[in-house]
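Examining the three-dimensional arrangement
Below are the chains, spelled out letter by letter.
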Amino acid sequence: MPKLVVKNLRKMFGTFEALKDVSFQVEEKETLCLLGPSGCGKTTILRIIAGLEVPTSGEVFLDGVLVNDLPPQRRQIGLVFQDYAIFPHLSVFENIAYGLRVRKMSEAELVKKVRETASLVDVESILDLPSKKLGLSEMQRVAVGRSLALDPKLLLLDEPLSNIDAKARERMRTELGKLQKEIGIATVYVTHDQLEAMTLADRIAVMRNGLIEQIGTASEIYDNARTLFVANFIGSPPMNLMDCEVVYDGNRVILKSGDLALDVTEFAETVRGKGEGEELVLGIRPEDLSLDVQKTNPSAIEAKVQLVEPIGARSIYHLRIGGLTVLAKGYAMPDVNVGSNLWATFNKDKVHLFDKKTEEAVV
Amino acid sequence: MVGLRLVKVSKRAGKRQILKNVSLEIPDKELFVIAGPPGAGRTTLLKIIAGLIAPDEGEVYIGDQMVNTVPPGDRDVGMVFETPPVYPNRTGFQNIAFPLEIRKINDSEIKEQVEEVAEFLQITHLLDRKPATYSGGELQRVALARALVRKPRILLLDEPLKNLDAKIRERTRVELKRLQREFGITMVFSTHDQLEATAVGDRIAVMNEGVIEQIGGPEVVYSSPRTLFVARFIGSPTMNVTECALKQMGDRWILDASGFNVDVTARAHEIESQAMGQELLLGVRPEDIVLLSSPENTGCFEAQVELTQNFGDERVVTIRVGEVSLNCLTGKDRVFAYDEKVYVKFKQEKARVFNRETGIAVARTAG
């Protein structure tokens, strides 16, 4: 039985429809990530699951039981906020014990429970420390521990890494990943950061304007984006998207986009059934363009470098190809600068195609 | 020509030394990035350049002029903050025009200049609207327009992208770099995000606790970090660092890191002469660790997969060797299972060595 089932959730704020019709489920031990830009409705879903917000219609089931009418404190859900909401005047021990004291647990039982939880989130050695002395990573673990102490059925995390500087975020992302593996509890995780979602989630629900556009594993979403929005939202830098049309030249099948012509005869199956001149969007991820300083590949296309962004072992190259700006990501090439001429080869089996009108992938 | 020069600038706040002897020289029209974690002293440094804070010691030069005693308004410096203060009751136009109005420039000229900069930043649609209706990115661009409209000699940007969504941040980063190139202004840009720093900067100053640890181009701070701090700050995933000892085995020299080792025969003399009797740290970038599915004859060791993170175009695999966890960067095509046994090889020549006590790089040049 799935741990959490969310069915046909709708939410109106006045005349604004924040959630249109959202359904998904989360399995035992699974981490599902709600990913989308601000305003897409992801936090509203979280608040409805927690019981902090009442849906206009739709149902929330926990362990098969409808919880719509249960108040937040009776739902057995642990909620970890963006700022962790640790009580600074209390010790780590008292922070973790907080919910247990509210429940009037006996002292002996409480101590045992706090110690168990502390060992799970690896804060045993700092139980006596005042919370105001904690580092970010410790605060995160205490916040998760405080929720876990109450034996929740489900853990909800609301952008837990968003207010943290980049370097610490990277470290804490890894730590949170390990922690999840160890505690193995069903989790719903909200974020606007696609990298966080890709690395922490078992499955990702990509949201836009109150709807889930696609739900799947990181690889499914990255490699087989179902819509233009998903293609553009996942990946950094995002997928290159260019308007194109199908041209049949004898038995060759060509995708034309401005001055750019891409022979896709070998993948003609994909575009079969598309009429000549039909409007499509061609998508290619920056790492699926290979760059060379010489024309070694006969199908390579000339590209002029407009901007280079070095990011460690790799660089992002902003290229002008046939009147279009195209981004490529590859190993840093020390002699390539603004104004350099390069040869770009499209890795054709990595080309994505979308219908321009419906914005859906052409499979 | 020198656009900006700082000579031994120091600043204390109570007992805390916020800046220690900071010196730097930025040529005209350079995009200079100050990168470092929160608390490194970046904002204080920018405020000293702008004249909003006076340094305890040291000199600030803009062009050839020492400006320590010049008030902020006369320094020809524009500053954009992390959360830009805009006037909520003024329209976009009035907000951008404000610095020109107080300079008593006539109306038709103001209109011309505001429209020019608004067009460049693609915010003409915001000119009639008030800030309450802007998105985070739009607000940031209006603030930027207001700083640009009076064409300052130096533009200071303090974490300009911090409060933007990841996606918008990526786009704005590129726009800022284009803008800097096209307007040909000297820009000093502060960030905590190392990726942003190397992506936009002509040169980067990496700061830690009030000290500049290294200044260099993006490839220099990445490939030849001068200190352990720079090595770990620049690059994502972070460089793996572990304790090691230099040992001789027959005619080979190795760095022994309990559980695995790296052959440094070619550099042994250098390491030995620079760090005789010192405790050492071994640094290996995640992309310089190769994961194999079957063992090779030499320089290969066994490890267990602890965690994998899918970045889309590549994967970060955390492996455990004895007591040590290492992050490795691999292609997206191979999938690793939790607890799977893998064989590991280092690109030996890429390994870095640091003096454990001082954190200074030993034998910096590879191979």
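Residues numbered from 1 in each chain as written. Chains lettered and ligands numbered in written order. Predicted model: local features only at pLDDT ≥ 70, side-chain atom pairs only at ≥ 80, totals over all residues.

So, the overall build of chain B
- Secondary structure assignment for chain B yields 9 helices and 21 strands.
- The principal-axis extents of the C-alpha atoms in chain B amount to approximately 80 × 45 × 35 Å.
- Across the 367 residues of chain B, 44% fall into the buried class.
- At a minimum sequence separation of 6, the contacts of chain B that also span at least 24 residues come to 65%. (Helix = DSSP H or I, 4+ residues; strand = E, 2+ residues; numbered from the N terminus. Buried ≥ 20, exposed ≤ 12 C-beta atoms within 10 Å, placed from the backbone. Contact = placed C-beta atoms within 7 Å.)

A look at the interface of chain A and chain B
- Of the residues lining the interface, 36 residues belong to chain A; the matching set on chain B comes to 31 residues.
- Listing elements by their share of the side of chain A that touches chain B, those giving two or more residues are helix H5 (166–183), helix H6 (194–200), helix H7 (218–223) and strand E16 (301–311) of chain A.
- Considering every element that reaches the side of chain A that touches chain B, the biggest residue donor is H5 of chain A, with 7 residues.
- Of the residues assigned to the side of chain A that touches chain B, the class counts are 16 nonpolar, 10 polar and 10 charged. (Nonpolar A, V, L, I, M, F, W, Y, C, P; charged D, E, K, R; others polar.)

Considerations on the nonpolar core
- Membership of the largest hydrophobic core comes to 194 residues, with the highest contact counts inside it found for Cys 33, Leu 156 and Val 206 of chain A together with Val 188 of chain B.
- Per-element tally for this core: the top contributor is helix H4 (residues 136–148) of chain B, with 7 residues.
- When residues no more than four places from it in sequence are discounted, the contact partners of Val 206 of chain A are Leu 35, Gly 36, Ile 212, Glu 213, Gln 214, Ile 221, Val 230, Phe 233 and Ile 234 of chain A. (Core = buried A, V, L, I, M, F, W, Y, C linked by C-beta atoms within 7 Å.)

Concerning the packing of helix H2 (residues 92–101) of chain B against H4 of chain B
Residue and element names in this part refer to chain B.
- One way to put it is that H2 packs onto H4 with a least axis distance of 7 Å and a crossing angle of 30°. Relative to H4, H2 is oriented roughly parallel. Considering how the two elements wind past one another, H2 and H4 form a crossing that is right-handed. Residue-level inspection shows Gly 92, Asn 95, Ile 96, Phe 98 and Pro 99 of H2 in contact with H4, the latter providing Val 142, Ala 145 and Arg 146.
- Per-class residue counts for the contact of H2 with H4 are 5 nonpolar, 2 polar and 1 charged. (Axes fitted to C-alpha atoms, helices over the stretch in contact; angles between N-to-C directions. Parallel < 35°, antiparallel > 145°, perpendicular 65-115°, else oblique. Left-handed = near helix turned anticlockwise from the far one by under 90°.)

Describing the sheet that holds strand E5 (residues 65–66) of chain A
All names here are of chain A.
- Taken together, 4 strands build an open sheet; the order of strands is E2-E1-E4-E5 and the sheet is antiparallel. Every interior strand has two partners, whereas the edge strands, strand E2 (16–26) and E5, have only one.
- As paired strands, strand E4 (residues 57–62) and E5 are joined by 2 bridges and run antiparallel to one another. Of the residues in E5, the one forming a bridge with Leu 62 is Val 65.
- Helix-sheet contacts for helix H1 (residues 42–50) involve strand E1 (4–13), E2 and E4, and the interaxial angle to E1 is about 115°. (Pairing = 2+ DSSP bridges.)

Quick notes on the domain arrangement of chain A
Residue and element names in this part refer to chain A.
- Its domain assignment divides chain A into domain 1 (4–233) and domain 2 (240–355).
- One C-alpha centre belongs to domain 1, the other to domain 2, and the line joining them spans 39 Å.
- Across the contact, 4 residues belong to domain 1 and 5 residues belong to domain 2.
- Classifying every residue of the side of domain 1 that touches domain 2 gives 3 nonpolar, 1 polar and no charged. (Domains from an automatic or database assignment.)

Here's the deal with the domain arrangement of chain B
All names here are of chain B.
- Split by domain assignment, chain B resolves into domain 1 (2–233) and domain 2 (240–362).
- A separation of 39 Å is found between the C-alpha centroids of domain 1 and domain 2.
- Taken together, the 7 residues of domain 1 in the interface contact 8 residues of domain 2.
- Residue classes in the side of domain 1 that touches domain 2 are distributed as 4 nonpolar, 1 polar and 2 charged.

Section: the sheet that holds strand E8 (residues 186–191) of chain B
Residues and elements named next belong to chain B.
- Here 6 strands make up an open sheet; going across it, the order is E6-E7-E8-E3-E9-E10 and the pairing mixed. Looking at strand neighbours, the two that pair on one side only are strand E6 (77–80) and strand E10 (211–216), the edges of this open sheet. Sheet twist, expressed as the average angle between the axes of neighbouring strands with direction ignored, equals 15°.
- As paired strands, strand E3 (residues 31–35) and strand E9 (residues 203–208) are joined by 4 bridges and run parallel to one another. In the strand pairing of E9, Val 33 is matched with Ile 204.

Considering the packing of helix H4 (residues 136–148) of chain A against H5 of chain A
All names here are of chain A.
- Interhelical geometry of H4 versus H5 gives an angle of 30° and a closest axis separation of 10 Å. In this view, H4 runs roughly parallel relative to H5, as classed from their interaxial angle. Here the hand of the crossing between H4 and H5 comes out right-handed. Counted together, Leu 136, Ser 137, Gln 140, Val 144 and Leu 148 of H4 and Ala 168, Arg 171, Met 172, Glu 175, Leu 179 and Ile 183 of H5 form the full contact between these two elements.
- Grouping the amino acids of the contact of H4 with H5 by side-chain chemistry returns 7 nonpolar, 2 polar and 2 charged.

What about helix H3 (residues 107–120) of chain A?
Residues and elements named next belong to chain A.
- The first and last C-alpha atoms of H3 sit 20 Å apart over 14 residues, in line with the 20 Å expected at 1.5 Å per residue.
- Turning to H3, its buried residues are Val 114, Thr 117 and Ala 118. The arc enclosing the buried residues of H3, seen along the axis, measures out at 100°, which places them on a common side. In H3, the exposed positions angled more than 90 degrees off the buried face are occupied by Ala 108, Glu 109, Lys 112 and Ser 119. (Expected span 1.5 Å × (residues − 1). Arc of directions from axis to C-beta.)

Structural notes on the environment of Leu 62 of chain A
Residues and elements named next belong to chain A.
- With respect to the helices and strands, the residue Leu 62 is situated in strand E4.
- You can call Leu 62 buried: it has 21 C-beta atoms within 10 Å.
- Remark: the alpha-carbon pair of Leu 62 and Val 6, spanning 56 residues in sequence, is separated by 8.9 Å.
- Leu 62 has contacts with Leu 4, Val 67, Arg 75, Lys 153 and Leu 154, leaving out every residue within four places of it along the chain.

Side note on the confidence of the model for chain B
- Per-residue confidence for chain B gives a mean pLDDT of 90, with 99% of residues at or over 70.
- Both scores are given for the predicted complex: the pTM is 0.88, the ipTM 0.86. (pLDDT = per-residue confidence, 0-100.)

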